[in-house]
4 protein chains.
Amino acid sequence: MNMSFLQDLLSNISMRTRGRSSLFGTLDKGASSLQNLISACDTLMHRGGEASQILTAQRALEHYRRLNDEEKLAFFTLLADDYSADPAPIHAAYQLYCEHQDNAALERLFNACEPRRQDLLRRLNLCPGGTFELVHMRADLLKRLKQNPELSALDADFAHLFASWFNRGFLVLESIDWNTPAAVLEKLIRYEAVHEIGDWHDLRRRLDPEDRHCYAFFHPATGDEPLIFVEVALCRGIPGNVQKILEHGEEVPLDEVDTAVFYSISNCQAGLKGVSFGNFLIKQVVQELSRQLPQLKNFVTLSPIPGFSAWLDQQLESPQSGEEPTPDSGTQKELSRLAATYLVNAKHRSGQPLDPVARFHLGNGASLHRINFQADMSAKGLQQSKGLMVNYLYQLDRIEHNHETFSRDYSVVCTSDIRRLASQAKQPLSLEPSA
Amino acid sequence: MNMSFLQDLLSNISMRTRGRSSLFGTLDKGASSLQNLISACDTLMHRGGEASQILTAQRALEHYRRLNDEEKLAFFTLLADDYSADPAPIHAAYQLYCEHQDNAALERLFNACEPRRQDLLRRLNLCPGGTFELVHMRADLLKRLKQNPELSALDADFAHLFASWFNRGFLVLESIDWNTPAAVLEKLIRYEAVHEIGDWHDLRRRLDPEDRHCYAFFHPATGDEPLIFVEVALCRGIPGNVQKILEHGEEVPLDEVDTAVFYSISNCQAGLKGVSFGNFLIKQVVQELSRQLPQLKNFVTLSPIPGFSAWLDQQLESPQSGEEPTPDSGTQKELSRLAATYLVNAKHRSGQPLDPVARFHLGNGASLHRINFQADMSAKGLQQSKGLMVNYLYQLDRIEHNHETFSRDYSVVCTSDIRRLASQAKQPLSLEPSA
Amino acid sequence: MNMSFLQDLLSNISMRTRGRSSLFGTLDKGASSLQNLISACDTLMHRGGEASQILTAQRALEHYRRLNDEEKLAFFTLLADDYSADPAPIHAAYQLYCEHQDNAALERLFNACEPRRQDLLRRLNLCPGGTFELVHMRADLLKRLKQNPELSALDADFAHLFASWFNRGFLVLESIDWNTPAAVLEKLIRYEAVHEIGDWHDLRRRLDPEDRHCYAFFHPATGDEPLIFVEVALCRGIPGNVQKILEHGEEVPLDEVDTAVFYSISNCQAGLKGVSFGNFLIKQVVQELSRQLPQLKNFVTLSPIPGFSAWLDQQLESPQSGEEPTPDSGTQKELSRLAATYLVNAKHRSGQPLDPVARFHLGNGASLHRINFQADMSAKGLQQSKGLMVNYLYQLDRIEHNHETFSRDYSVVCTSDIRRLASQAKQPLSLEPSA
Amino acid sequence: MNMSFLQDLLSNISMRTRGRSSLFGTLDKGASSLQNLISACDTLMHRGGEASQILTAQRALEHYRRLNDEEKLAFFTLLADDYSADPAPIHAAYQLYCEHQDNAALERLFNACEPRRQDLLRRLNLCPGGTFELVHMRADLLKRLKQNPELSALDADFAHLFASWFNRGFLVLESIDWNTPAAVLEKLIRYEAVHEIGDWHDLRRRLDPEDRHCYAFFHPATGDEPLIFVEVALCRGIPGNVQKILEHGEEVPLDEVDTAVFYSISNCQAGLKGVSFGNFLIKQVVQELSRQLPQLKNFVTLSPIPGFSAWLDQQLESPQSGEEPTPDSGTQKELSRLAATYLVNAKHRSGQPLDPVARFHLGNGASLHRINFQADMSAKGLQQSKGLMVNYLYQLDRIEHNHETFSRDYSVVCTSDIRRLASQAKQPLSLEPSA
């Protein structure tokens, strides 16, 4: 494939993500956006074959953008109620299935059960830019899910389609640097979720130096909108303090680096919740960096322990089991011991580690490598993790094995040092599932 | 979105479509490719979470490529039989659905009914280049469908996924010209299905002159493989002879053209049968050309009438109704009359026009504009259509209306001249459905 | 020409402008950079044909970069003294020329007279990135020219070569917007010479809105370094105040604009002094915008009058001729009258207008269209131009004629209003050349 | 530098090389193209500053394209006669130079001696595409030079400017492969000068396989017109037969190749005669391939000996010195001995090797590595070189040393085998300079 193609792809894709001016010349001015949207959805499902579907889809999405909060909820409820599946064909198909028990009957039953919502969403996706609008629509939906659990089936339909559309095979890994268009870079500033990017100078410090890298996944249908990105620092040795990385005092010559540190990973699209990219991203970046810089020996994260403080507070408040833990100290040793205990032994009701970041990296096949004291002295770092941070280690030739070990019984793969620390807790902490 | 991105997209996508060398160093040499493939599919579905799925998918597809014909049939049969859905959960879900009749129960039933094949195909699609391999896999399947109708449910699974993956919103329209990479151009030579491209000089005549255009749809996941393409000639007036276009004697100055002729449309991927692109392509090209060349007044096809000769032969052989048709003549008038009759009145058992090309363009909202005598004097043209060709007219502001007229009762939208011709047939031809 | 090419061009050109690591493994550590540079220049001129010239040129330029101020002067002096032309061949060639008076003799004389510096500079230019380094070298030279007038012949050699290398035919016009790489955008912030760009938010206001454009000339050999750029605002009507443009309150819909305003033009490379780009840039941008936005009727500048305050002060201080001018007022009328007088009648000793911006635009074929009161109320605007600004009008069909009128006797092409204003000055101001 | 830039560069450059429609609406129809051209040149030199120079240059070049052969000669003669330099300023400047002997006087003399032709050519180069037209103009001139030696000073002016414009620093190395636009590839077919490319299938054999490479130099101002290109085959061992390479039977796996063979180098632009690219190209390609494929050990050519047959015939015809050479045989040994003698000992009157290909590669710092018998059995190969071919060896760490050895006294750097062969010639052949 050659660039000439991608030039057009470019123009095409740009169009998709640009603000589009209104399509409405002949709009029914009396009707509300909600009425117009409902009517457009109806047209899309029932009339006109493909002749004007793209235009109708475009109009429907434009109406959607104009809805207020109340109307959005009304629209979602309508989708849940009216764009379900008809019972009659389901019953008929089930009877046939019971009689024949064959693939043809299964296919018919499957088709009968598919909520019409899915077909509607596929049709809305016909128009340029539709995919991104639907991602936003699901983000709107997710915000209402807690209050309106009856919408969760609608959410399942989104999730089902997004899993197909955002299949790993369709994603494109891009390197982001100071030569990246400003229009993309400003999105990084907006989406960075771990260590806030203060301004363009801060951003430049993270992208421009030779010992800094950044990678993101993009999807051709959502253009220059990153889906997820990871920031990488190249170092001599495994670092234990994130402020030093963020301040970037002195550049390390490339021939002296031996370690790549993933110090920030941010999901960008709330609407893609549950469509997992992060594990693919890290592994592909490890491969990419290995290829470019064969001198790299270690691939590690420098990660927060976001649940540590909360867990610790809970432990201190509820000394259920005899003697209470005594972090009177705040000393490095005691804190490390407690953190090791938290990371290795504290379990979620699912049996997995309680800490979400630990869950993510251990589930990817990384191992718990080191606990660092006074590693993130920002307000957020102190508040969440008592200033501690963790290195998770990605070893390409261990990932598979680690992953399987973890999958068996969620036992945490870690160094013997950490295992020892975790077993030294002064007393058996109550490790009740807390989430 | 900016080019810098697409540069990476490029390298990524190139990789996907390049021949890849074998991944197998440590392969079980004793096992057959079929055994290896089955085992890889099993691994993909059951083990390892996402840690090694990409690699496993890659291996599975490589095994598939090594299968012989017999093994392919065996594999498809296995998918049909063993990757269906378990009856027990279906029955259970149906019971629940009958009790609750709600969205949650429907979701559960839908999920229970989804053949595991679909999930397997989604997982095979994880690896770079997977999409294109799956398109080939379905092409293999389609070839066996007639002999093995029990595989049609498997085909439905492919079709279901491809409809999502190749959604119009993901396609990219590209202009193809003499600056397009040779690697793409040679594919046009291979895929051209209507008027064969003899060699590179012939190809150049169709692409390089200012009064020639070519457009194709591409999909980011299948790289530089065109999905469908259309060849366009710019003319003064609506042309009635395709040889003149193909020979391209004299270039018409751009300021004198008023008509764009779509004289060849070719689907490229057998495996995408039933995923419709053609109507979107033509309409988008009409828009694109209108924008670029506001002087264009007419957008027409110059199309074959592929079923005409066969229909005519049938009519002559079976003079069921009194007097027989008398094409003793071969005269222009009589042939035109018969062609008009065929196009307007001869119907498929579905009620649609008997001629497949007519079905396609009329279904898109075009109208039947003119029947041309001695329009394709090639062997194929004479044999299929007695040398006749047809102009279908695409008028942007009529497409919607034409489409609806056609959708109602499949009545053919045509000029009054053609309608008159069709009514002048010497006797009421028996227009029995013949297909 | 196709993108695939430019991809390589890209990588090539990027390399040129990136910081390069040292080439010196086997360097004579004892020698100073100046000695090394002199020795490299010597090698470049005398030894080795082309076998290693690129490398030697690269080394020479790296040595140059390490020179301190004193050494630079020494190097320039050496070039002036030792890289001149030998007298003997000149005398011999002149004798021959006198005898033959033909082209062959002229060619020989021309070659004998060419300072060896020019050949040296051409050889330094062999290496990637050399062009940009030589532009910087000349910038260094220009700074020393006043103090060291004996170096002006060396400067003439640079100018002679740059006129060839930066020929208009080699320049590339680029549109700059918010999709441009940050690495280029930050250069705009640095190089903006008329209305300072405060920060990235300010920059975005000038580039991102639909009613803002920016264009720059680039040269393939200097990569992403802009040579000159112009900022454009699209407006309804001809604007008379630059703060309104810079603040960019409300975006004007594209279908309502009728005027393109060039409100800032900045030369970026001091080393290219005397190589004129500005006139080509403005005219090409006028053409480009006319093509894109046919609704544009007016192409004007909103320009400072940088010499006005100084001239006015001088007038007030030296009331040589009877009654003095009485700008007691500061009233709009009086100031406009004085500005008109300054622009139309105040002449440089060359006969051209005294004001440098007027010289530039009138020399390009623009006409003096309007004088705006309270048009630039910034400190700089008040100080330089008493807050006044001028619109120069570019009419494609008048440019040629205006230019010729101006060329004849430097008479200023302006509206009758301005001409009247200029003639209303209370007394014949002494319009002695002041520069 | 980023792609977004090069996209514009693209469109710009494409425009330059496209056929342009006439600019003449208001042309003096009575005047001949020659008269129009002369008048446009006059305008370009005398009138109008820069206001309309681009347009005038464009017109002049269009007039030039319409000249017939006779008119071209007339135009060149006019340039030679009327666009020389005025004697008076030369004499005056020379007097001053004799008095002052300083840089300022030299500069003035240099300027006075510069033929006005050079300025005219620089001005013609202002318009887009001008550079390429001027290259063609010089090609036209070169064809007439033998018959019209008085035009050689004009040719020197072209050569002087082209040396600046086509400075190595401005050239761009591109890899050419099967993904290159067809519009570029067809130029390779046209320009291939060593081993003719039969058709597109032949071309594909040379570009598409993994063990084939091709590189070309391009210049930004001449767009997609290659200046020179080299074809490379990757082999196991140093090959001695070119037909095997051209036929490309079996692809050698990349991990088994150890040798890169430059088997064809073609200059594309006759008008750039004397502007040397070839040495830079080969060395840069050696570097590029070394980087990409570290397994490569040998970089050699497989070159013709174009002067061998002619030299041999001459030797046989003129047995000046005692015994004559006896190639009665045609045996491998005798032919090799004679070829060694020719390559090592036969000298041009300049002292350099008689064979032009030997001159080129030895001058670049290559060494004469092996003489191959029955190496090019094509008609041309048999006729020119008795079927023999030569490998010249490029060793990056020897190039500099070889070049200096060769530069000293043109002694041929070769293996001891070849030296021995060359000394075994039966008698001291008369090695009179023959060219």
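Predicted, not measured: the structure shown is a model, and the values here were computed from it. Each residue is numbered by its place in its chain's sequence as written, counting from 1. Throughout, the order in which chains and ligands are written sets their labels, letters from A for the former and numbers from 1 for the latter. Two thresholds apply to this predicted model, a pLDDT of at least 70 for residue-level local features and 80 or more for giving and counting side-chain atom pairs, whereas whole-chain, interface and lining totals are computed over all residues. Hydrogens and water are ignored here; the side-chain numbers use all heavy atoms of the structure.

Draft legend 1. Inspection of the overall build of chain A at higher detail. Across its full length, chain A carries 19 helices and 7 strands. The 435 residues of chain A split such that 58% are buried. Contacts in chain A between residues at least 24 apart in sequence constitute 75% of all its contacts with a sequence separation of at least 6. Values of accessible area rely on a 1.4 Å probe in the Shrake-Rupley scheme; residue burial ignores everything except the protein chains shown. Carbon and sulfur atoms make up 49% of the accessible area of chain A, which totals about 17,700 Å². Each helix is a run of H or I in the DSSP string that is no shorter than four residues. Each strand is a run of E no shorter than two, and both are numbered from the N terminus. With a 1.4 Å probe rolled over the protein chains alone, any residue whose accessible area is under 20% of its type maximum counts as buried; one over 50% counts as exposed, and the rest are partly exposed. Working rule for contacts: check all heavy atoms of both residues, and any pair within 4.5 Å makes them a contact.

Draft legend 2. Broad picture of the side chain of S266(A). On the secondary structure map, S266(A) appears in strand β4 (residues 259–267). Non-local contacts of S266(A), meaning those with residues more than four positions away in its chain, are made with Y191(A), E192(A), A193(A), V194(A), L227(A), I228(A) and F229(A).

Draft legend 3. The UniProt feature "domain: Malonyl-CoA decarboxylase N-terminal" (unreviewed entry) in chain A, seen in detail. UniProt positions are given in the numbering used here, feature names are shortened, and annotations may be inferred rather than shown by experiment. Following the UniProt record, the feature "domain: Malonyl-CoA decarboxylase N-terminal" (unreviewed entry) maps to residues 83–166 of chain A here. Measuring from the first to the last C-alpha atom of residues 83–166 of chain A gives 23 Å, for a span that is 76% helix and 0% strand.

Draft legend 4. Looking closely at the UniProt feature "domain: Malonyl-CoA decarboxylase C-terminal" (unreviewed entry) in chain A. As annotated by UniProt and renumbered to match this structure, "domain: Malonyl-CoA decarboxylase C-terminal" (unreviewed entry) occupies residues 169–318 and 331–395 of chain A. What you have in residues 331–395 of chain A is 45% helix and 17% strand, and the ends, taken at the C-alpha atoms, are 31 Å apart.

Draft legend 5. View of the packing of helix α5 (residues 87–100) of chain B against helix α6 (residues 103–113) of chain B. Residue and element names in this part refer to chain B. Note on geometry: axes are C-alpha line fits, over the in-contact stretch for helices, and angles between N-to-C directions span 0 to 180 degrees. Interaxial distance between α5 and α6 falls to 8 Å at its minimum, and their mutual angle equals 160°. Considering their axes alone, α5 and α6 lie roughly antiparallel with respect to each other. Two packed elements cross with a definite hand, and for α5 against α6 that hand is left-handed. The segment α5 lies against α6, with P89, I90, A92, A93, Y94, L96, Y97 and H100 engaging A105, L106, R108, L109, A112 and C113. Working definition: roughly parallel below 35 degrees, roughly antiparallel above 145 degrees, roughly perpendicular at 65 to 115 degrees, and oblique for all remaining angles. Left-handed describes a crossing in which the near helix is turned anticlockwise from the far one by less than a right angle; the clockwise case is right-handed.

Draft legend 6. Spatial organisation of helix α8 (residues 130–145) of chain B. Take the residue count of a helix, subtract one, and multiply by 1.5 Å to get its expected span. Its 16 residues place the ends of α8(B) 22 Å apart at the C-alpha level, agreeing with the 22 Å of an ideal helix rising 1.5 Å per residue. Across the 16 residues that make up α8(B), a large majority, 13, are buried.

Draft legend 7. Examining the domain arrangement of chain A more closely. All names here are of chain A. One can read the domain layout of chain A as domain 1 (3–82 + 115–165), domain 2 (169–301) and domain 3 (308–423). Computed from C-alpha atoms alone, the centre-to-centre distance between domain 2 and domain 3 is 24 Å. Across the domain 2 to domain 3 interface the summed buried area is about 1,500 Å²; carbon plus sulfur atoms make up 55%. Accessible area that two parts lose when put together, evaluated with a 1.4 Å probe and summed over both, is termed the buried area. Considering only the side of domain 2, the residues that lose the most area to domain 3 are I238, K283 and T301, jointly responsible for 31% of the buried surface there. Think of a salt bridge as a Lys or Arg side-chain nitrogen and an Asp or Glu carboxyl oxygen that are within 4 Å of each other. The interface formed by domain 2 and domain 3 includes 0 salt bridges. Polar contact is the term for a pair of N or O atoms within 3.5 Å; when the atoms are in protein, one must be able to donate a hydrogen and the other to accept it, and sequence-neighboring residues count only if both atoms are side-chain atoms. Applying the counting criterion to the domain 2 and domain 3 interface returns 13 residue pairs in polar contact (both at pLDDT 80 or more). Elements with a contribution of two residues or more to the side of domain 2 that touches domain 3: α12 (242–247), α13 (278–292) and β5 (298–301). How far each domain reaches was decided by an automatic or database domain assignment.

Draft legend 8. Molecular detail of the packing of aromatic side chains. Aromatic contacts are taken between Phe, Tyr and Trp rings whose centres are within 6.5 Å, Trp giving its six-membered ring; a plane angle under 30 degrees counts as stacked, one over 60 as edge-to-face, and the others as tilted. Using the criterion set out here, one finds 58 aromatic pairs over all chains in the structure. Through successive ring pairs, a cluster of aromatic residues spans F158(A), F162(A), W165(A), F166(A) and F170(B). Only lysine NZ and arginine CZ atoms are considered, and such an atom sits over a ring when it is within 6 Å of the ring centre and within 35 degrees of the ring normal. Directly above the ring of Y191(A) sits R190(A), whose terminal nitrogen or CZ lies 5.5 Å from the centroid.

Draft legend 9. Fine view of unusual backbone geometry. Positive phi outside glycine occurs at Y410(A), with the angle close to 60°. Take Y410(A): it is sitting in the loop between α18 (399–409) and α19 (416–423). One non-glycine residue with positive phi stands out, namely K386(C), at about 55°. Judged by relative accessible area, K386(C) falls into the partly exposed class, the value being 32%.

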